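Structural overview for review
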Amino acid sequence: MSESRRTVDARGQACPQPVILTRKALAEGGFDLLEVLVDDASSRENVVRFAGYASCVVEGVAEEGAVSRILIRPAPAAPAVVPGRVFAAPAPAPVRVPAVPAAAGTTVLITAAGIGAGDEQLGALLMRGFLYTLTEAEEAPARIILMNGGVRLAVAGSDALVNLVRLAERGVEILACGTCLEFYQLKEALAVGRVTNMYEIAGLLLQGRTISI
Amino acid sequence: MTGLLATFRTSHEALRAEQTLKGGGLAVELIPVPRQIRSDCGFCLLLEAPGAALEAERLERLRACGGQDVWRVTVIPSPTSSRKEKRYERIP
């Protein structure tokens, strides 16, 4: 028997739409294999990551020009066959809300390029000082999430970049909001860390300790 | 690593000195003043200065752009942690 397949065409869709469409399709179920088409590198990464969080298996990612074809096998449902009994087709397995595993450690959330309201130059100076101090701290945070104007810190030409790179070298994960990078047209300029989405950000903020700057 | 650290009277002076020195091709870093040092302003400039000749030249440049006190910085491995410690010695 051939496998049933459903295709989600998320080409041309902005973040986080591809993840939302993938999530919706997985929640509806009724197929053996889900094929998601995206035409953007960060959408591809976000969909693959989401599939992992939802306990699905990513069977492959095929690149066809600018388009990525992601094959996702949904998480197995409860035992479908019990000897001696015939079951109707199992109800689609509920997709788990993406819990982010291993979110131990402190998360630092930075939502602006400077610290606090007031003079912009002072705010930027304080931010540089703060990030430098983190590089010197005995215990580094597990991750830094950059949102809104905060993504400007991680792009080429930023004064704070050198310290974010040092933190990354120390094992601190630097996560930049994809929507924000796209909004400011800085996607190509991201110089440290990786692009993330609201699902991952919300998951991380809801677990463990978060310090908001 | 050995380097030089200069304090300034105000953060505006520190920022201005950073621009001047960077404009002159020096790789300087604006950082919070370390706990071991007292200064009127919370930020200072740090730059690498290996060797006596470079140190003398950079010391002069730091002073020329408003450096208040200048300290020689030596990085030493910490006996108690994996982090490196810095030793600060004030240059009269």
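Throughout this description, residue numbers start from 1 for each chain and increase along the sequence as written. The order in which chains are written sets their letters, starting at A; the order in which ligands are written sets their numbers, starting at 1. Local features are withheld for residues below a pLDDT of 70 in this predicted model, meaning they are given only at 70 or higher, and side-chain atom pairs are given and counted only at 80 or more; totals for whole chains, interfaces and linings count all residues.

A closer look at the overall build of chain A
Helix numbers and strand numbers start at the N terminus; a helix is a DSSP run of H or I with at least 4 residues, a strand a run of E with at least 2. Scanning chain A from terminus to terminus reveals 6 helices and 9 strands. Taken across its 213 residues, chain A has 35% of its residues classed as buried. Exposed residues have 12 or fewer other C-beta atoms within 10 Å of their own C-beta, buried residues have 20 or more, and partly exposed residues fall in between, where C-beta atoms are placed from the backbone.

Considering unusual backbone geometry
As a rule of thumb, non-glycine residues mostly have phi less than zero, and peptide bonds are mostly trans rather than cis. Not every positive phi belongs to a glycine, and A:N148 is a case in point at roughly 45 degrees. Following the sequence through the fold, A:N148 ends up in the loop between β6 (143-146) and α4 (161-169).

A short note on the interface of chain A and chain B
Throughout, a pair of residues is in contact if the C-beta atoms placed from their backbones lie within 7 Å. The interface of chain A with chain B comprises 6 residues on the first partner and 8 residues on the second. Gly is placed with the polar residues, together with every amino acid not listed as nonpolar (Ala, Val, Leu, Ile, Met, Phe, Trp, Tyr, Cys and Pro) or charged (Asp, Glu, Lys and Arg). When the residues that make up the side of chain A that touches chain B are grouped by side-chain class, the tally is 2 nonpolar, 2 polar and 2 charged.

Here's the deal with the sheet that holds strand β9 (residues 209-212) of chain A
In any sheet, the strands associate via hydrogen bonds between backbone groups, in a parallel or an antiparallel arrangement. All names here are of chain A. DSSP calls a pair of strands paired once it identifies at least 2 bridges connecting them. If you walk across this open sheet you meet the 5 strands as β8-β7-β6-β5-β9, and the pairing is parallel. On the outer flanks of this sheet lie β8 (194-196) and β9, each paired with one strand and no other. The mean angle between the axes of side-by-side strands here comes to 30 degrees, regardless of whether they run parallel or antiparallel. Axis angles are defined between N-to-C directions and span 0 to 180 degrees, where every axis is a line fitted to C-alpha atoms and, for a helix, only to the segment in contact.

Digging into the nonpolar core
Note on definitions: a nonpolar core is a set of buried residues drawn from Ala, Val, Leu, Ile, Met, Phe, Trp, Tyr and Cys, linked by C-beta atoms within 7 Å. Ranked by size, the top nonpolar core spans 48 residues in total, and within it A:I144, A:L146, A:A154, A:I174, A:A176 and B:L45 carry the most contacts. Ignoring sequence-local partners within four residues, the contact set of A:A154 consists of A:L146, A:L161, A:L164, A:I174, A:A176, A:L190, A:A191, A:V192 and A:G193. Among the nonpolar cores identified, the runner-up in size contains 17 residues, and A:V19, A:V47, A:I70 and A:I72 belong to it.

Remember that the coordinates give geometry; whether it matters functionally is a separate question.
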